[in-house]
Amino acid sequence: MDQPILKATGLSKKYGDNVVFHNIDIAVEQGDIIVIIGPSGTGKSTLLRCLNLLTKADSGKIWLDGTEITAPGHSEDEVRQHIGMVFQNFLLFNHLTALGNVMLGLTKVRHLPREQAREKALSELNRVGLADRAGHYPGQLSGGQQQRVAIARALAMDPRVMLFDEPTSALDPELIGEVLEVMRQLAMQKMTMLVVTHEMGFAREVANRIIFMEKGSIVEEGAPNELFLRPKFERTREFLWKITELYGHKKE
Amino acid sequence: MSDWLDFFWRSIPVFLNGLWVTLELTAVGLIVGFGLGLAAALGRVYGSPWVRRICIAYIEIFRGTPLLVQLFLIYYGFPGIGITLSRMMSAYLTLGLNSGAYQAEYLRGAIMAVSEGQMMAGRSIGLSRLASIRYVILPQALRLVIPSWSNEPILLLKSTAVAFLIAVPDLMTKAKLIAARTYDPIGTYLAVAVVYLVIVGLLNEVMKALERRLRIPGLEIESHKP
Amino acid sequence: MLQNFIIYIGSGTAVTVSVTLAALPMGIVLGLSFALLHIYGGKWLSRLMTVYSTLMRGVPPIVLLFILYFIIAGSINISPFWAGSIALGWVSSAYQMEIFRGALLSVGGGQMLAARAIGMSRWTAVRYVVLPQALRLAIPPWSNEVSIVLKDSSLVYALGVPEILRRAQQLSATTQQPFLAYGTAALIYFILVFTTNRLLDHLEQRTRLPAQL
């Protein structure tokens, strides 16, 4: 592999005196599936938002496919087309149907003709198993379905990498499975993904690299087996203990 | 009695004439006000600090003073600084500016009710700030605003009645004329009241129908904070 | 000229404030009574109140002001100031009725139920349980109504009452400075409305119950 798809060095962010994260280095290679774990409030979500420039980092540089996107004058809107983002609370456009949600970026950002956009949007909805819900408004869909539409909306832009910000934590337990299943399929299709989640089962099974973050910095990272079975640091071990107590072992 | 009846029949065209002017004032005020209100609301929410201050000043000044005083300032006062407008133009301008300030507040409420997350979602698929406002925020805000906005046409219709004090030939001016001729001000103004009631009732029905037509399932004002 | 300005505008302001202060209590008493009748007065009174409110609120205040003025002035010997103030209060009563009705309804049946459950009569429950809560809830919309009445008081200009606008007109004629005269009138109104809003905001904070949203 020649160069990482997404790379960041020395990324820092604070709100007032409150340091969200400090001096983060991260590199996402083609086909990587990286899961970021860690206690709540350690800056994982903010880190994802900084990576696609939805939030401005205070310092540090970010490269997408070798081009520095934090350089002055670089178009943020252009960058975000290539980085898909899935939010914890779905954030579907409430005034548009499922199909309309997926089509909007295609017609207004990529300026595809309507017919072509429609076709592409339908195939993306099909990919997440929701072609039959194309005409439904967000208010008529379950949480799991809404999140799958949100994934389709991001996929439709043919992103180089997908960022998932706790995609299942706003869902009722019985709806988590369908979203994870879609993500698993994406992994099999070799989509490059950066996922913040508390779903340890998913992390273990799908990720090729785990990053453990605490208090705004990366404590340790490594392959799932290594990190889950032989964590190097006491803090990592403690966190893993707590999370298994909380969520239990995943029933497969 | 027959005199009275005769006069009654002859006053109907006069009333209708005045009614037409009243409706004209309402329509122009509403449309001008919508344009101004939308601009002021967007400026107040998304503008730079200075744009924001200007929008707030406009909104607060026109909501904080009586319409009648605004009308007199524009019709009688402006010629003092070299701006002379006809009665109709003065009335159009005053009603538009006044309604714009109120519409701006309805619209601002609706824009703010569309969660910040919607802007973020728009930006996340590569829409620019302006495109997000246009394709994501406004389509939702304009639907959300309907229930609160739907009072405005009725309020404005009622407000236009003060325009007779600068002799705009509306319903009230005609009523004043007829009252002077019949020496029956109470009867005349009661008749005018009935005309206003009928129009207000009709407008009410139109607004209700509009609300039903534009409803989207699950899209109602609710405070889902991001 | 400056002295003229101050005397005219000052006396006009005093009249405007007086008209508002005379109209408001009338609006409160009538509005609150009508609201109570609407909710607790039985089927027929309730319907009557609905019709009253719809009719009053469906007609421009200036038209009602004329009708009421001619009725009042025609039946009793009364100055335009008092006729105007009474008419203004009367118009406001319909709007205030809706404000108090909304507040009474949002206190809800549960509170009434709880009060009756400890043996209070209907009236005692209204007096000691529902009203103290409803009146607090009514303060924000009622404050809004106060500035509406203040602004609507400019309508008594049409009845010849020498309030701010009438004074501005006289000044404009004597000084040939129409912009200055009407601009000052607008400024005075703005200050009055602004101060009133601040005062009522303060009242709202003072009367707020702990943890009440």
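What you see is a predicted model, and the numbers here were worked out from it, not measured in a lab. Throughout this document, residue positions are counted from 1 along each chain, in the order its sequence is written. Chain letters start at A and ligand numbers start at 1, both assigned in the order the entries are written. Local features in a predicted model are, by the rule used here, given only for residues with pLDDT of at least 70; side-chain atom pairs are given and counted only at 80 or more, and totals for whole chains, interfaces and linings are based on all residues. In computing side-chain properties, one takes all heavy atoms of the structure into account and sets aside hydrogens as well as water.

## Focus: the interface of chain C and chain B
Stage number 1. For this analysis, residues touch if any pair of their heavy atoms sits within 4.5 Å. Of the residues lining the interface, 29 residues belong to chain C; the matching set on chain B comes to 31 residues.
Stage number 2. Across the chain C/chain B interface, buried area totals approximately 2,600 Å², and carbon plus sulfur atoms make up 84% of it.
Stage number 3. Accessible surface is computed with a 1.4 Å probe, and the buried area is the amount of it that two parts give up when combined, taken over both parts together. The three residues of chain C that bury the most area against chain B are Lys-151, Phe-179 and Tyr-182 of chain C, which together make up 21% of that side's buried surface.
Stage number 4. Each polar contact in these results corresponds to two N or O atoms within 3.5 Å; when the atoms are within protein, one needs to be able to donate a hydrogen and the other to accept it, and residues that are neighboring in sequence are counted only if both atoms are side-chain atoms. Here chain C is connected to chain B by four residue pairs in polar contact (both at pLDDT 80 or more).

## Focus: the sheet that holds strand β10 (residues 217–222) of chain A
Residue and element names in this part refer to chain A.
Stage number 1. Paired strands, as defined in this entry, are two strands with at least two bridges between them according to DSSP. Put simply, DSSP H or I for four residues or longer makes a helix, DSSP E for two residues or longer makes a strand, and each gets a number counted from the N terminus. Read across the open sheet, the six strands follow the order β6-β7-β8-β3-β9-β10; overall the sheet is mixed. Of all the strands in the sheet, the pair left with one neighbour each is β6 (83–86) and β10. Neighbour to neighbour, the strand axes of the sheet diverge by 20° on average, direction disregarded.
Stage number 2. Both strand β3 (residues 33–37) and strand β9 (residues 209–214) contribute to a ladder of four bridges, which runs parallel. Within the sheet, the bridge partner assigned to Ile-34 lies in β9 and is Arg-209. Axes, fitted as lines to C-alpha atoms, cover a helix only where it is in contact. Angles between the N-to-C directions of the axes lie from 0 to 180 degrees.

## Describing helix α2 (residues 42–57) of chain C
Stage number 1. The end-to-end C-alpha distance of α2 of chain C, which contains 16 residues, comes to 22 Å, matching closely the 22 Å that a straight helix rising 1.5 Å per residue would cover.
Stage number 2. Against the buried residues of α2 of chain C lie α1 (2–40), α3 (61–75) and α4 (80–107) of chain C. Every helix has an expected span of 1.5 Å times one less than the residues it contains.

## Description of the environment of Leu-32 of chain C
All names here are of chain C.
Stage number 1. Note that Leu-32 resides in helix α1.
Stage number 2. Separated by 69 residues in sequence, Leu-32 and Arg-101 place their C-alpha atoms 7.9 Å apart.
Stage number 3. Sequence-distant contacts of Leu-32, that is, excluding residues within four places in its chain, are made with Gly-27, Phe-100, Leu-131 and Leu-135.

## Some details on the sheet that holds strand β1 (residues 6–15) of chain A
Whether parallel or antiparallel, the strands of a sheet pair through hydrogen bonds between backbone atoms.
Residue and element names in this part refer to chain A.
Stage number 1. One open sheet holds the four strands; their spatial order is β2-β1-β4-β5, and the pairing between them is antiparallel. Lying at the two open borders of the sheet, with one neighbouring strand each, are β2 (18–28) and β5 (67–68).
Stage number 2. Sheet topology note: the β1/β2 ladder contains seven bridges and is antiparallel. Looking at the pairing, Leu-6 lines up with Val-28 of β2.
Stage number 3. Running at roughly 125° to β1, helix α1 (residues 44–51) makes contact with β1, β2 and β4 (59–64) of the sheet.

## With respect to a positive patch on the surface
Stage number 1. A grouping of Lys-108, Arg-114 and Arg-118 of chain A together with Arg-134 of chain B is seen on the molecular surface, where their side chains present a positively charged patch.
Stage number 2. Within the fold, Arg-134 of chain B resides in helix α6 (residues 129–144).
Stage number 3. For each residue, the accessible area found with a 1.4 Å probe, counting protein chains only, is set against the maximum for its type, and the residue is called buried under 20%, exposed over 50%, and partly exposed in between. Judged by relative accessible area, Arg-134 of chain B falls into the exposed class, the value being 56%. Patches in this entry comprise residues that are over 30% relatively accessible and not in a salt bridge; like charges within 9 Å are linked, as are nonpolar side chains (Val, Leu, Ile, Met, Phe, Trp, Tyr) within 5 Å. Note that accessible areas follow from Shrake-Rupley with a 1.4 Å probe, and for residues the cover is restricted to the protein chains shown. Here, a salt bridge means any side-chain nitrogen of Lys or Arg that lies within 4 Å of a carboxyl oxygen of Asp or Glu. His is not counted, nor are the chain ends; Lys and Arg add positive charge and Asp and Glu add negative charge. Note on charges: their place is set at NZ of Lys, CZ of Arg, CG of Asp or CD of Glu.

## Details of the arrangement of the chains
Stage number 1. Ranking by contact count across two pairs of chains in contact places chains B and C at the top.
Stage number 2. If you take every C-alpha in chain A and every C-alpha in chain C, the smallest gap between them is 25 Å, and the two do not touch.

## Details of the packing of aromatic side chains
Stage number 1. Pairing of aromatic rings covers Phe, Tyr and Trp, the last counted by its six-membered ring, and requires centre-to-centre distances within 6.5 Å; plane angles under 30 degrees mean stacked, over 60 mean edge-to-face, and any other angle means tilted. Across all of its chains, the model carries 16 aromatic pairs over all chains by this definition.
Stage number 2. Centre to centre, the rings of Tyr-75 of chain B and Tyr-76 of chain B are 4.8 Å apart; their planes meet at 65°, and the pair counts as edge-to-face.
Stage number 3. Using a relative accessible area of 16% as the deciding quantity, one classes Tyr-75 of chain B as buried.
Stage number 4. Of the residues examined, Tyr-76 of chain B reaches a relative accessible area of 29% and is grouped as partly exposed.
Stage number 5. Measuring from centroid to centroid gives 5.0 Å for Tyr-189 of chain B and Phe-66 of chain C, while their planes differ by 85°, and the two rings are edge-to-face. Taken as a pair, Tyr-189 of chain B in helix α10 (residues 185–213) and Phe-66 of chain C in helix α3 lie in two separate chains rather than in one. In this structure, Tyr-189 of chain B and Phe-66 of chain C share a single accessibility class: buried.

## A few points about the packing of α10 of chain B against α3 of chain C
Working note: a packed helix pair is described by the angle between its axes plus the distance between those axes.
Stage number 1. It is at 9 Å that the axes of α10 of chain B and α3 of chain C come closest, and there the two elements cross at 155°. In terms of axis orientation, α10 of chain B runs roughly antiparallel to α3 of chain C. Taken as a pair, α10 of chain B and α3 of chain C cross one another with a handedness that is left-handed. Note on element contacts: α3 of chain C touches α10 of chain B through Val-63, Phe-66, Ile-67, Phe-70 and Ile-71 of chain C, opposite Pro-185, Ile-186, Tyr-189, Leu-190, Val-192, Ala-193 and Tyr-196 of chain B.
Stage number 2. Partitioning the contact of α10 of chain B with α3 of chain C into residue classes produces twelve nonpolar, no polar and no charged. By definition in this entry, angles of less than 35 degrees are roughly parallel, angles greater than 145 are roughly antiparallel, angles of 65 to 115 are roughly perpendicular, and the rest are oblique. By definition, any crossing whose near helix is turned counterclockwise from its far helix by less than a right angle is left-handed, and any crossing with a clockwise turn is right-handed. Nonpolar residues are Ala, Val, Leu, Ile, Met, Phe, Trp, Tyr, Cys and Pro. Charged residues are Asp, Glu, Lys and Arg, and all others, Gly as well, are polar.

## Let's talk about the interface of chain B and chain A
Stage number 1. Residue-level contacts link 22 residues of chain B with 25 residues of chain A.
Stage number 2. Summing the contributions of chain B and of chain A, the shared interface buries around 2,000 Å²; its carbon and sulfur component is 67%.
Stage number 3. Area buried by chain B at its contact with chain A is led by Met-120, Ser-124 and Ile-125 of chain B, which between them contribute 30% of it.
Stage number 4. Between chain B and chain A we count two salt bridges in total.
Stage number 5. The residue Asp-77 of chain A makes a salt bridge to Arg-123 of chain B at a minimum N-O spacing of 3.1 Å.
Stage number 6. Summed over the shared surface of chain B and chain A, the result is six residue pairs in polar contact (both at pLDDT 80 or more).
Stage number 7. Elements with a contribution of two residues or more to the side of chain B that touches chain A: α5 (116–124) and α6 of chain B.
Stage number 8. A total of seven residues in the side of chain B that touches chain A trace back to one element, the largest contributor, which is α5 of chain B.
Stage number 9. Class assignment of the residues belonging to the side of chain B that touches chain A gives a composition of eleven nonpolar, nine polar and two charged.

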